[in-house]
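So you can see what is in the structure, the chains are spelled out below.
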Amino acid sequence: TIRPVRRSYYDPSSAPGKGVVWEWENDSGSWTPYDMDVGITIQRAYEKQHPWVDLSAIGFCYVIDFATMGQINRQTQRKRRVRRRLDMVYPLVSGTLPKSQSWPASPGTAAAPPVPACACPQCLLVMSVKATVSAAGHGTATLQPRKAPPAPPAGPKALAPAPGGKMPDGMATVRGSLKPLAAQGGRRQAASTPALSSASTTTSPPGTGSGKASRPGLGTLNRSHLQRLAIAQSRVLIASGVVVLGEHLGFGVTLVPQCYFEPPRPGITGILMSAAGLPVCLTRPPKLVLHPPPVSKSEIQSIPGISHTCRKTTKKQAKKGKTPEEVLKKYLQKVRHPPDEDCTICMERLSAPSGYKGPQPAVKPDLVGKLVKCGHVFHLHCLVAMYNNGNKDGSLQCPTCKTIYGVKTGTQPPGKMEYHIIPHALPGHSDCKTIRIIYNIPPGVQGPEHPNPGKSFTARGFPRHCYLPDSEKGRKVLKLLLVAWDRRLIFAIGTSSTTGESDTVIWNEIHHKTEFGSNLTGHGYPDINYLDNVLAELAAQGITEESLAQEKD
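Source: prediction; values computed, not measured.

*Asks:* Explain the overall build of the chain to me, using residue names and the numbers behind them.
*Replies:* What the chain contains, in helices and strands, is 11 helices and 22 strands. In the chain, which comprises 553 residues, the proportion classed as buried is 42%. Sequence-distant contacts, at least 24 apart, represent 65% of the contacts inside the chain between residues at least 6 apart. Per element, the accessible surface of the chain, about 29,400 Å² overall, is 55% carbon and sulfur.

The following block contains the structure:
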């Protein structure tokens, strides 16, 4: 059967459109590229000059720290190096391949990517001070105190270009953008704000007593004038409702949405920080708290209503003695007159024979059946083929609506699940203690139910610690997770969407909270909807309260 396909092009402004490739360093010391969508997300945050980016929003359990160019596993805190490399743009184009390079080459030579000018008040302040320093360093302007009673100023004046000179890039924008802010708060600073004037002649630095001309530079920006300029500009911003933030001394910028200071450059730090009285508000970035405080063995308690504190699982063999046809017979009704629609498995009309071309099941290709619960109709030929390609555990899941028939089991490799109560409360659940779950799965060899039978698989990040509130609903979730564990549905073997590594243990669509004391990654607390969400995910795997009666505690 021939069906049309199509492919999509990436936006030219995205990472692949620019030829930017993000890579992580694997255990052998070589570099592995991230998946395209992951690279786009990392590059977008990098261009916005965010200090780090959390990949949990797109389903991955890593944080990329641009300051150290490292990838941090939010569960194990393991760190790997990452790099940004320039390659051919996507789709591949003809021509000379640009020289491969990585950023940063060294801590002192990191080059920030070109970013569109930000018009927020905070960035306008930084740009205006930068322009002042640049102009003073090149002799285009000096600071002079006002002598006559001034008219209400429109904030710190922009530098006027020297005769025959060109106004620095961005200065017109700075001057125009500061006027609305100055109208709100600049009038009160009239008497103390220094003026900027074009310097057709040079002046001697204060205190020299010499009429000899000297080259203006940073020395011209004496402490008094610098302080007045900085205070005036910051007060204008504060009057307009903006808090000025600094990135210096290891502090992060977090208050202004989507706005971050450019890494400090020589001279700018001095201007922003040396002026006494400059109202700069320094805020620390939120701290990632993955694990609770240390807990002694005597403080660990078993969970009431649940026997034992540990459960091991080994590979369960599929039920023998039943053919696929015998299994499906329990869940299907034969349809004598098929409806005029497609079979959603082979995409052929139900009135025509099945389009499946693989190993032929022992049923006629033109027979049609209807699932008894959901009523969806398929070729029997297609359903038998689908069952043979699955776990063959005696269960069936409708490919249209995901309704489960029988008891669904997975392909989770052998391991151990521990669970107990610790005497610490989760954020948002201060009225109860915490249930801690510890999963531990060792590496091993794939079985016949896995993607590559006989091939070894890895198990990264184990033991994995997860947390639930020790409430009535939290204990209910734990009991259902124990059922999911026994049915081998918590983990699977596949390709990691975070690292791209194949043949490794991955989560299997049942979300867990792995962050104890914060929620920076989206996998922590408080989260008022988490328990309801995970109950829905368990139900999608066929695990409900009815399942508890089918399983031994």
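*Asks:* Break down the sheet that holds strand 17 (residues 434-440) for me, with residues and values.
*Replies:* Pairing is antiparallel across the open sheet formed by 4 strands, whose spatial order is 10-16-17-20. Here the strands that pair on one side only, and so sit at the sheet edges, are strand 10 (310-313) and strand 20 (464-469). Pairwise comparison of adjacent strand axes, ignoring direction, gives a mean angle of 20° for this sheet. One ladder, built from 7 bridges, connects strand 16 (residues 415-422) with strand 17; its direction is antiparallel.

*Asks:* Account for the pairing of strand 1 (residues 20-25), naming residues and giving values.
*Replies:* Among the 6 residues in strand 1, 6 count as buried, and that is most of the element. Where burial is concerned, the two faces of strand 1 agree: the one with Val20, Trp22 and Trp24 and the one with Val21, Glu23 and Glu25 are both buried. Two elements, strand 1 and strand 6 (residues 79-86), share 5 bridges in a ladder whose sense is antiparallel. Bridging from a neighbouring strand, Trp24 pairs with Val82 of strand 6.

*Asks:* Help me get a handle on the environment of Tyr62, residues and values and all.
*Replies:* Inspection of the secondary structure puts Tyr62 in strand 4 (residues 62-65). Placed 459 residues apart in sequence, Tyr62 and Thr521 show a C-alpha to C-alpha distance of 8.3 Å. Setting aside residues no more than four positions away along its own chain, Tyr62 makes contact with Val53, Asp54, Leu55, Ser56, Gln71, Ile72, Asn73, Arg74, Thr498 and Thr499.

*Asks:* Break down unusual backbone geometry for me, with residues and values.
*Replies:* Following Phe462, the chain continues into Pro463 via a peptide bond in cis, with omega recorded as 0°. A cis amide bond, omega 5°, links Tyr525 with the succeeding residue Pro526. By the element assignment, Pro526 lies in the loop between strand 22 (504-507) and helix 10 (530-540). Although it is not a glycine, Gln49 sits at a positive phi angle of roughly 60°. Turning to its location among the elements, Gln49 is positioned in the loop between helix 2 (36-47) and strand 3 (52-54). Here Gln49 falls in the buried class, since its relative accessible area comes to 19%. With phi around 50°, Lys392 is a residue other than glycine that occupies positive phi space. Relative to the elements of secondary structure, Lys392 occurs in the loop between helix 8 (380-388) and strand 14 (396-397). Judged by its relative accessible area of 42%, Lys392 falls in the partly exposed class.

*Asks:* Would you mind going over the environment of Pro339 in detail, with residue names and values included?
*Replies:* Structurally, the position occupied by Pro339 is in the loop between strand 11 (332-334) and strand 12 (368-371). Setting aside residues up to four positions removed in sequence, Pro339 forms contacts with Leu350 and Val377.

*Asks:* So what's going on with the sheet that holds strand 11? Residues and values would help.
*Replies:* Spatially, the 3 strands line up as an open sheet ordered 11-12-13, and their pairing is antiparallel. The open sheet has two edge strands with one neighbour each: strand 11 and strand 13 (377-379). Put simply, the sheet's adjacent strands are angled 40° from each other on average, direction ignored. Bridge count for strand 12 against strand 13 is 3 bridges, and the pairing is antiparallel. Residue Val368 lies in a different strand from strand 13, and its bridge partner there is His379. The strands touched by helix 8 are strand 11, strand 12 and strand 13; relative to strand 13, the strand with the most contacts, the crossing angle is about 80°.

*Asks:* Quick rundown of the side chain of Ser496? Include the residues and the values.
*Replies:* Relative to the assigned elements, Ser496 resides in the loop between strand 21 (491-494) and strand 22. Side-chain polar atoms of Ser496 contact the backbone nitrogen of Thr498, separated by 3.2 Å. Setting aside residues up to four positions removed in sequence, Ser496 forms contacts with Glu501, Thr504 and Ile506.

*Asks:* Lay out the packing of aromatic side chains with the relevant residues and their values.
*Replies:* Summed over all chains, the structure comprises 11 aromatic pairs. Measuring from ring centre to ring centre gives 5.8 Å for Trp22 and Phe66, while their planes differ by 55°; the resulting arrangement is tilted. Of this pair, Trp22 sits in strand 1 while Phe66 sits in the loop between strand 4 and strand 5 (70-73), and the two are 44 residues apart along the sequence. By relative accessible area, Trp22 is classed as buried at 2%. Judged by centre distance (5.2 Å) and plane angle (85°), the ring pair of Tyr439 and Phe491 falls under edge-to-face. Placement of the pair is Tyr439 in strand 17 and Phe491 in strand 21, with a sequence separation of 52 residues. The class for Phe491 is buried, based on a relative accessible area of 0%. The cationic tip of Lys373 hangs over the ring face of Tyr405; the distance from NZ or CZ to the ring centre is 5.4 Å.

*Asks:* Can you explain the nonpolar core? Please cite residues and give values.
*Replies:* In terms of nonpolar packing, the biggest core is built from 40 residues, with Met417, Ile437, Tyr439, Leu468, Leu478 and Leu481 touching the most fellow members. Discounting chain neighbours no more than four positions away, the residues touching Leu481 are Met417, Ile437, Tyr439, Leu468, Ile490, Ile510, His512 and Leu538. Leu328, Cys346, Val368 and Phe378 belong to the second-largest nonpolar core, a separate cluster that totals 20 residues.

Definitions and limits used
- Residues numbered from 1 in each chain as written.
- Predicted model: local features only at pLDDT ≥ 70, side-chain atom pairs only at ≥ 80, totals over all residues.
- Heavy atoms only, no water.
- Helix = DSSP H or I, 4+ residues; strand = E, 2+ residues; numbered from the N terminus.
- Buried < 20%, exposed > 50% of the residue type's maximum accessible area, 1.4 Å probe, protein only.
- Contact = heavy atoms within 4.5 Å.
- Areas by Shrake-Rupley, 256 points an atom, 1.4 Å probe, with all protein chains shown as cover.
- Pairing = 2+ DSSP bridges.
- Axes fitted to C-alpha atoms, helices over the stretch in contact; angles between N-to-C directions.
- Polar contact = N/O pair within 3.5 Å; in protein donor to acceptor, adjacent residues only side chain to side chain.
- Phe/Tyr/Trp six-rings, centres within 6.5 Å; stacked < 30°, edge-to-face > 60°.
- Lys NZ or Arg CZ within 6 Å of the ring centre and 35° of its normal.
- Core = buried A, V, L, I, M, F, W, Y, C linked by side-chain atoms within 4.5 Å.

From the geometry alone we can't say anything about function, so treat these as descriptive.
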